[in-house]
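# Residue-level structural notes
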Amino acid sequence: MLKKIAIPQILDRLRFENPWWISGEIDQYFQQMPHRAYFQHFYALAKDRSVKRSVVLMGPRRVGKTVMLYHFVQQLLKDRINPRRILFITVENPIYTQISLEQLFNYGREAIGSLEESDDWFVIFDEIQYTKNWDVHLKSLMESYRDAK
């Protein structure tokens, strides 16, 4: 039987996963890691708002996908993207079990206090494959929030 997680606990976890909302920077641990070889290509594609599609970063385990995602956030911050419009969610965390991607996005907006605004966001789902039918959820999310990337 699944235990229901309290919404304030979910919101606190989202705030924890997005320290740049307050500090304006990613965790020092990730800052010290070298950029991956394809980072510049990935960054250009993932930041491009003219393409109304999601970007999926795939690869074998332990090659640095999560590091590249944090470096993506770091570069967004350097490019003066509002840190309160960058949402990073580690989907594999058990606290998010049974929560749809759209609901996670809504919780993220609530955690930062921007529930009424859903545009101009960069939403990063790390380990998205842990969400059942993630591709269907992601497609629906992109169709519902066309100005989010």
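Residues numbered from 1 in each chain as written. Predicted model: local features only at pLDDT ≥ 70, side-chain atom pairs only at ≥ 80, totals over all residues. Heavy atoms only, no water.

## Observations regarding the packing of helix 4 (residues 39-47) against helix 5 (residues 65-78)
Put simply, helix 4 and helix 5 touch, their axes get as near as 10 Å, and they point 65 degrees apart. For the element pair helix 4 and helix 5, the recorded crossing hand is right-handed. Contacts from Phe-39, Phe-42, Tyr-43, Ala-46 and Lys-47 in helix 4 reach Met-68, Leu-69, His-71, Phe-72, Gln-75 and Leu-76 in helix 5. Taken together, the residues of the contact of helix 4 with helix 5 sort by class into eight nonpolar, two polar and one charged. (Axes fitted to C-alpha atoms, helices over the stretch in contact; angles between N-to-C directions. Helix = DSSP H or I, 4+ residues; strand = E, 2+ residues; numbered from the N terminus. Left-handed = near helix turned anticlockwise from the far one by under 90°. Contact = heavy atoms within 4.5 Å. Nonpolar A, V, L, I, M, F, W, Y, C, P; charged D, E, K, R; others polar.)

## A short note on the side chain of Gln-75
Mapped onto the elements of the fold, Gln-75 is located in helix 5. The contact partners of Gln-75, leaving out residues within four places of it in the chain, are Phe-39 and Tyr-43.

## Some details on the pattern of salt bridges
Side-chain pairs of opposite charge can arise where the charged atoms are in close proximity. Applying the stated criterion to the full structure yields five salt bridges. Of the charged contacts in the structure, one is a salt bridge between Arg-15 and Asp-12, with a shortest N-O distance of 3.0 Å. Taken together, the residues Arg-15 and Asp-12, both in helix 1 (residues 7-17) and three residues apart, mark about one turn of the helix. When its relative accessible area of 36% is taken as the criterion, Arg-15 is described as partly exposed. (Salt bridge = Lys/Arg side-chain N within 4 Å of Asp/Glu carboxyl O. Buried < 20%, exposed > 50% of the residue type's maximum accessible area, 1.4 Å probe, protein only.)

## A word on the nonpolar core
Formed by 43 residues in total, the largest nonpolar core has its most connected members in Trp-20, Phe-72 and Phe-125. Contributing elements (two or more residues each) for this core: helix 1, helix 2 (20-23), helix 4, helix 5, strand 1 (86-90), helix 6 (101-112), strand 2 (122-126) and helix 7 (134-144). At eight residues, the largest contribution of residues to this core is made by helix 5. Ignoring any residue separated from it by four or fewer positions in sequence, one finds Trp-20 in contact with Glu-25, Ile-26, Tyr-70, Val-73, Leu-77, Pro-83, Ile-86 and Phe-88. (Core = buried A, V, L, I, M, F, W, Y, C linked by side-chain atoms within 4.5 Å.)

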